[in-house]
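Structural characterization, general
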Amino acid sequence: REQTGQELILESLHAGLECGRFAKLNPEAEIISIGPQVCDPHTPRESLKLDTVTPVYRLLEETLRRLSE
């Protein structure tokens, strides 16, 4: 909410190949995946909503800043 003024939307979807690999390497880890909005993934029509990139970048930047405090 601090970043966008909007409530966080939590969704579960089948798009976690990398997360699954990391979880297999370390079953004790708590893993999440965040990213911009991708439409029609893994198809010839795959596209990225550019206006969703900056908010994700800013969220990651702020999260890393707070973790380093």
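Not measured: the values here are computed from a predicted model.

Turning to the overall build of the protein, a few remarks are in order. When helices and strands are tallied, the protein shows two helices and two strands. If you list the helices and strands of the protein from N to C, you get α-β-β-α. Relative to its length of 69 residues, the protein is extended, with a C-alpha radius of gyration of 14 Å against a globular reference of 11 Å. With the C-alpha coordinates aligned to their principal axes, the bounding extent of the protein is approximately 45 × 35 × 20 Å. Counting the 69 residues in the protein, one finds 6% classified as buried. Counted over contacts in the protein with a minimum sequence separation of 6, partners at least 24 positions apart contribute 20%. Side-chain charges in the protein split into 8 positive and 12 negative, and the spacing between the mean points of these groups amounts to 2 Å.

Attention now moves to the side chain of Thr-52. Inspection of the secondary structure puts Thr-52 in the loop between strand 2 (47–48) and helix 2 (53–67). Judged by its relative accessible area of 19%, Thr-52 falls in the buried class. A polar side-chain atom of Thr-52 sits 2.9 Å from the main-chain amide nitrogen of Gln-37. Once residues within four sequence positions are removed from consideration, Thr-52 is found in contact with Pro-36 and Gln-37.

Once that is clear, we can look at a nonpolar patch on the surface. A contiguous nonpolar patch, built from Ile-32, Ile-34, Leu-59, Leu-60, Leu-64 and Leu-67 and spanning about 640 Å² of accessible area, is present on the exposed surface. As for its position among the elements, Ile-32 is in the loop between helix 1 (17–25) and strand 1 (38–39). Overall, Ile-32 belongs to the exposed group, its relative accessible area being 73%.

With that settled, the discussion passes to the environment of Glu-11. Inspection of the secondary structure assignment puts Glu-11 in the segment before helix 1. In sequence terms Glu-11 and Leu-25 are 14 residues apart; their C-alpha atoms lie 24 Å from each other.

For the rest of this paragraph, the subject is the confidence of the model for the protein. As a general rule, the predicted coordinates of low-pLDDT regions are not to be interpreted in detail. Per-residue confidence for the protein averages 88 on the pLDDT scale, and 96% of its residues sit at or above 70. Taken element by element, the protein is modelled with least confidence in helix 1, mean pLDDT 85, and with most confidence in strand 2, mean pLDDT 96.

Reading the values: rules and limits
- Residues numbered from 1 in each chain as written.
- Predicted model: local features only at pLDDT ≥ 70, side-chain atom pairs only at ≥ 80, totals over all residues.
- Heavy atoms only, no water.
- Helix = DSSP H or I, 4+ residues; strand = E, 2+ residues; numbered from the N terminus.
- Rg over C-alpha atoms; globule rule 2.2 N^0.38 Å.
- Buried < 20%, exposed > 50% of the residue type's maximum accessible area, 1.4 Å probe, protein only.
- Contact = heavy atoms within 4.5 Å.
- Lys, Arg positive; Asp, Glu negative; His and termini not counted.
- Charge placed at Lys NZ, Arg CZ, Asp CG, Glu CD.
- Polar contact = N/O pair within 3.5 Å; in protein donor to acceptor, adjacent residues only side chain to side chain.
- Patch = residues over 30% accessible without salt bridge, like charges linked within 9 Å, V, L, I, M, F, W, Y side chains within 5 Å.
- Areas by Shrake-Rupley, 256 points an atom, 1.4 Å probe, with all protein chains shown as cover.
- Salt bridge = Lys/Arg side-chain N within 4 Å of Asp/Glu carboxyl O.
- pLDDT = per-residue confidence, 0-100.

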